[in-house]
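# A closer look at the structure
Given next are the chains, with one letter for each unit.
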Amino acid sequence: MAVEKLYESDDFLIVNKPYDMYINSDDENEKNTLVCQIASHDSHLSTSSNPLHFVQRLDYATSGVICIAKTKTAAAQAGKLFEKRLTKKYYVAVVRKHLKFELADIKYPIGVDLSPENSHKMATQTADTTCGSPREALTRVLLLETGFYGSDPVSVVLLKPITGRRHQLRVHCLSIGHTLLGDYTYSAPVDTVPHRMFLHATRLVLPLQKQPLDVQTLIPFFSDPQFTSKWKTCKVYYKYRTREDFTAACDVIDRSYTVGIKYDEYSANKKL
């Protein structure tokens, strides 16, 4: 599967990762990796002749913008921005059911799923659930559109993770009763009909001192006939399918105030 290059300089390479592709693998026979598509198989290793430094990660099933540093110095610069939460990341997702809010903050801490059979999964700590080694986590959610996938009610949402926990967007959406469409792992696992998990990293803002970067992709869902053949629009809350409209939607989710917007907050001391 081809990997689209979105930006390249002497310091950084930013690409559009396809869904269902690994970032890297130590298995030399595994070719379905991002590094195999853009460089050599061992490019993620420090022993490589031209090592790449991944300053962020995307899950196997998640598509979209991912930033790769070409040098240790560039990796350190970008790493500090991510560590200090100065970067901005925006995702578009399709979730199950129609949301009852327009904007929400999900503040449930995230940790390891304590179920014996779920060692690779994460979970939230709420008033009704617990997890191992919970860490602070915050996700903002903006409702863009409601519709139907076949006969199933779904919502298109803009997700902005403020923190960067493993599987954060997936478990936060699950915790409020809106599993990502096609998320086999966190659907118990029963969501097997969709051909992919509908989560796409659409925009990354990286405020580098010398050359700030703002890289954006088009949302792939609505150019995918496997999705559009089953999609039916119900109500559009914010236009988002062009670059300009998506940027305007990002401006809405960036605002701290919620005047005139139906708002909700999910925190550990609040029962659903």
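These remarks concern the structure in this document.

Conventions adopted
Residues numbered from 1 in each chain as written. Predicted model: local features only at pLDDT ≥ 70, side-chain atom pairs only at ≥ 80, totals over all residues. Heavy atoms only, no water. Phe/Tyr/Trp six-rings, centres within 6.5 Å; stacked < 30°, edge-to-face > 60°. Helix = DSSP H or I, 4+ residues; strand = E, 2+ residues; numbered from the N terminus. Buried < 20%, exposed > 50% of the residue type's maximum accessible area, 1.4 Å probe, protein only. Lys NZ or Arg CZ within 6 Å of the ring centre and 35° of its normal. Contact = heavy atoms within 4.5 Å. Polar contact = N/O pair within 3.5 Å; in protein donor to acceptor, adjacent residues only side chain to side chain. Pairing = 2+ DSSP bridges. Axes fitted to C-alpha atoms, helices over the stretch in contact; angles between N-to-C directions.

### What about the packing of aromatic side chains?
Evaluation of the coordinates by the stated rule reveals eleven aromatic pairs. Taking the centre distance of 5.1 Å and the plane angle of 75° together, the rings of Phe-198 and Phe-221 count as edge-to-face. With Phe-198 in the loop between helix H3 (168-175) and strand E12 (199-206) and Phe-221 in the loop between strand E13 (213-216) and helix H4 (225-228), the pair connects residues that are 23 residues apart, well separated along the chain. The same class applies to Phe-198 and to Phe-221, which are both buried. An aromatic cluster is defined as three or more aromatic residues linked by ring pairs; in this entry it consists of Tyr-149, Phe-198, Phe-221, Phe-222, Phe-227, Trp-231 and Tyr-240. Here the guanidinium or amino end of Arg-57 rests over the ring plane of Phe-54, the centre of that ring lying 5.6 Å away. The side chain of Arg-241 reaches across the aromatic face of Phe-222, ending 3.6 Å from its centre.

### Structural notes on the environment of Arg-135
Position of Arg-135 relative to the elements: it lies in strand E9 (residues 132-135). When the C-alpha atoms of Arg-135 and Ala-104 are compared, they prove to be 20 Å apart, with 31 residues separating the residues in sequence. In this structure Arg-135 touches Pro-109, Ile-110 and Arg-165, once residues within four positions along its chain are discounted.

### Details of the side chain of Gln-56
Within the fold, Gln-56 resides in the loop between strand E3 (53-54) and strand E4 (63-69). The class for Gln-56 is buried, based on a relative accessible area of 9%. In this structure the side chain of Gln-56 is engaged in a polar contact, spanning 2.8 Å, whose partner is the backbone nitrogen of Cys-67.

### Side note on the sheet that holds strand E8 (residues 122-124)
Within a sheet, adjacent strands bond to each other through the backbone by hydrogen bonds, running parallel or antiparallel. A sheet is described by the order of its strands in space; here three strands give the open sequence E8-E7-E9, paired in antiparallel fashion. Edge positions in the open sheet fall to E8 and E9, since each of these has one partner strand only. When the angles between neighbouring strand axes are averaged without regard to direction, this sheet yields 30°. Strand direction decides the pairing type here: strand E7 (residues 110-112) and E8, joined by three bridges, are antiparallel. Within E8, the position partnered with Gly-111 by the bridge is Ala-123. Strands in contact with H3 are E7 and E8; relative to E8, the strand with the most contacts, it is inclined by about 45°.

### Side note on the pairing of strand E11 (residues 152-161)
Where burial is concerned, most of E11 is hidden: eight out of the ten residues are buried. With six bridges joining them, strand E5 (residues 88-96) and E11 adopt antiparallel strand pairing. Residue pairing in the sheet places Val-92 in a bridge with Leu-158 of E11. Taken together, the ten bridges between strand E10 (residues 139-149) and E11 define a ladder with antiparallel strand orientation. In the strand pairing of E11, Phe-148 is matched with Pro-153.

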